[in-house]
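As a plain string of letters, each chain reads:
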Amino acid sequence: MAELTFQNVLDHLLDSKKDIPAGHLAYYSDLDPKSLRLFLDIWSSVPQKRKLLLLDTLIAHLDEDTIVSYEDIGKALLDDPDGEVRARALGLLAESDDPKLVDTLLKILKSDSDLAPRVKASILLGEFVLMGELEELEEARLRKIEEALIAIIRSDENPTLRRAAVEAFGYSGRDEAVAILESAYEREDPLWVASALRAMGRSHDNRWDDSVVSKLLDPDPRVRYAAAEAAGELTIEEAGPIMLKMLEDEEEDDTVTMAAIWSLSQIGGEDARAYILNMLENTEDEDATEFLEDALENLDFNEELNKFDLLSLDEDDDLSEFDEDDLDDEEDK
């Protein structure tokens, strides 16, 4: 059998009657300039549905494979005339930490002609806000992002875009964040409440603990889902028993169930461990088993991390027991 080449992969892409094989996906990763040019040369000849199928497949593969990178394709398609293609191109940039992207994302957020790319740009900008809070992005760029998100939130733009901006702004330590999150949380619309809860979780600010816990049993599953996620991000211990109670409800929405289980793996505790182990013993579904094993691994990791943090605190406390005279005495011995 002849060796598969990137040209073979592109010829296959042009044939809409054929599926896109998993074995082809790696060929789209880390394209050199020549390969990228070959890709772009045939792109206009690919039917629109086929384009979206490829991009959706690449995005899904990006979630599964930590080695591949489709940034070259993502950046190249940001100027595509089709809004759905542009939105998916942004999806290929989900793991990018290139600060040069910020200005492009801000331009898309402010002026793209389609809603979908603007929402995706807002989501990606949230990751750069987090980088800024971790001092991994220069302050001037961080401020530009924050000001743009605040402008969207306070505008009369599409509500979906404004909610996405609230969620992205959740990472920010700006003083305005408290009022913005409170305003979204107090709305009657469950979608706004859910966005506020996601932003609260991203803030890692325990001022929101009570607000999050109070929504764990909300009648709307979208709100329960967001509250469960936030409870895990904020590691709210009192949320654990409430979520275990949620999980006893056989009619609970599957997505809420998964969010609650993952949240329990972040919070930890023997009851959480017992529940996850019991679920593992009583399921035969492969996907469920994989998810529960990941949750158990995450629980182990977080508990080990907490032990390490406690050990570090104990060591600091031990050192603090010595004053300067004590240390001088020790040196004289």
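Since the structure is predicted, the reported quantities are computational estimates derived from the model, not experimental observations.

Undergrad: Help me get a handle on the nonpolar core, residues and values and all.
TA: If you look at the biggest cluster of nonpolar residues, it comprises 100 residues, and the most contacted ones within it are Y28, F39, I73, L197, L216 and M243. Leave out the neighbours within four places in its chain, and Y28 touches F6, V9, L10, L13, F39, L54, L58, S69, Y70 and I73.

Undergrad: Residues and numbers for the environment of L36, please.
TA: By the secondary structure assignment, L36 is in helix α2 (residues 33-43). Using a relative accessible area of 19% as the deciding quantity, one classes L36 as buried. Taking the C-alpha atoms as reference points, L36 and E95, 59 residues apart in sequence, are found 19 Å from one another. Excluding its chain neighbours within four sequence positions, the residues that come into contact with L36 are L31, D72, I73 and A76.

Undergrad: Describe the packing of helix α6 (residues 101-111) against helix α7 (residues 115-133), naming the residues involved and giving the relevant values.
TA: A packed helix pair is summarised by two numbers, namely the angle formed by the two axes and the spacing between the axes. Contact geometry for α6 and α7: axes closest at 8 Å, N-to-C directions at 145°. Handedness of the α6/α7 crossing: left-handed. Residues L101, V102, L105, L106, I108, L109 and K110 of α6 form the contact with α7, whose participating residues are P117, R118, A121, S122, L124, L125 and F128. Along the lines of polarity and charge, the residues of the contact of α6 with α7 split into 11 nonpolar, one polar and two charged.

Undergrad: Account for helix α1 (residues 6-14), naming residues and giving values.
TA: The complete set of buried residues in α1 reads F6, V9, L10, H12 and L13. With its buried residues spanning 160° around the axis, α1 presents them on a single face. In this fold, the buried residues of α1 make contact with α2 and α3 (48-64).

Undergrad: Give a description of the packing of aromatic side chains that names residues and reports values.
TA: The final tally for this structure, using the stated rule, is four aromatic pairs. A centroid spacing of 5.9 Å and a plane angle of 80° characterise the contact between F6 and Y28, whose relative ring orientation is edge-to-face. Residue F6 is found in helix α1, and its partner Y28 is found in the loop between α1 and α2; the two are separated by 22 residues along the sequence. Since its relative accessible area comes to 11%, F6 is described here as buried. Judged by centre distance (6.2 Å) and plane angle (85°), the rings of Y28 and F39 are edge-to-face. Of this pair, Y28 sits in the loop between α1 and α2 while F39 is found in helix α2, placing the two residues 11 residues apart along the sequence.

Undergrad: Go over the confidence of the model for the protein with me, naming the residues and quoting the values.
TA: Overall, the predicted model of the protein reaches an average pLDDT of 92, with 92% of residues at or above 70. Below pLDDT 50 for its whole length, residues 319-333 participates in two contacts with residues either more than four positions away or in separate chains.

Undergrad: Account for the environment of L109, with residues named and values stated.
TA: Mapped onto the fold, L109 is located in helix α6. Taking the relative accessible area as the measure of exposure, L109 reaches 0% and is therefore buried. Separated by 14 residues in sequence, L109 and I123 place their C-alpha atoms 9.8 Å apart. If we ignore the near neighbours within four places in the chain, the residues touching L109 are R118, A121, S122, L125, A148, L149, I152 and L161.

Undergrad: Tell me what's going on with the side chain of N298, and back it up with residues and numbers.
TA: Looking at where N298 falls in the secondary structure, it is placed in helix α17 (residues 286-320). With a relative accessible area of 16%, N298 lands in the buried category. The residues contacting N298, other than those within four sequence positions of it, are W262, S265 and Q266.

Undergrad: Describe the packing of helix α15 (residues 254-267) against helix α16 (residues 270-281), naming the residues involved and giving the relevant values.
TA: Viewed as axis vectors pointing N to C, α15 and α16 meet at an angle of 135°, and their least axial separation amounts to 9 Å. As summarised for this structure, α15 and α16 are arranged oblique, according to the angle between their axes. Of the two possible hands of crossing, α15 and α16 adopt the one that is left-handed. Each of I261, L264 and S265 in α15 lies in contact with α16, whose residues at this interface are A272, Y275, I276 and M279. Along the lines of polarity and charge, the residues of the contact of α15 with α16 split into six nonpolar, one polar and no charged.

Undergrad: Pulling in residues and values, what's your account of α3?
TA: The end-to-end C-alpha distance of α3 is 25 Å, a good match for the 24 Å that 17 residues give at a rise of 1.5 Å each. Buried within α3 we find R50, K51, L52, L54, L55, L58, H61 and L62.

Undergrad: Which residues make up the pattern of salt bridges, and what values do they have?
TA: Under the counting rule described, the total for this entry stands at 23 salt bridges. Between R143 and E139 there is a salt bridge, with its nearest N and O atoms 3.5 Å apart. Residue R143 and its partner E139 are located together in helix α8 (residues 139-153), separated by four residues, close to a single helical turn. The class of E139 is exposed, set by a relative accessible area of 53%. For the salt bridge of E252 with R224, the shortest nitrogen-to-oxygen distance reads 2.7 Å. One end of the pair, E252, is in the loop between α14 (239-247) and α15; the other, R224, is in helix α13 (residues 221-233), and 28 residues separate them in sequence. For R224, a relative accessible area of 13% corresponds to the buried category. One continuous salt-bridge network, built from bridges that share partners, spans E139, R143, E146, E147, R174 and E176.

Quick notes on the rules
- Residues numbered from 1 in each chain as written.
- Predicted model: local features only at pLDDT ≥ 70, side-chain atom pairs only at ≥ 80, totals over all residues.
- Heavy atoms only, no water.
- Core = buried A, V, L, I, M, F, W, Y, C linked by side-chain atoms within 4.5 Å.
- Buried < 20%, exposed > 50% of the residue type's maximum accessible area, 1.4 Å probe, protein only.
- Contact = heavy atoms within 4.5 Å.
- Helix = DSSP H or I, 4+ residues; strand = E, 2+ residues; numbered from the N terminus.
- Axes fitted to C-alpha atoms, helices over the stretch in contact; angles between N-to-C directions.
- Left-handed = near helix turned anticlockwise from the far one by under 90°.
- Nonpolar A, V, L, I, M, F, W, Y, C, P; charged D, E, K, R; others polar.
- Arc of directions from axis to C-beta.
- Phe/Tyr/Trp six-rings, centres within 6.5 Å; stacked < 30°, edge-to-face > 60°.
- pLDDT = per-residue confidence, 0-100.
- Parallel < 35°, antiparallel > 145°, perpendicular 65-115°, else oblique.
- Expected span 1.5 Å × (residues − 1).
- Salt bridge = Lys/Arg side-chain N within 4 Å of Asp/Glu carboxyl O.

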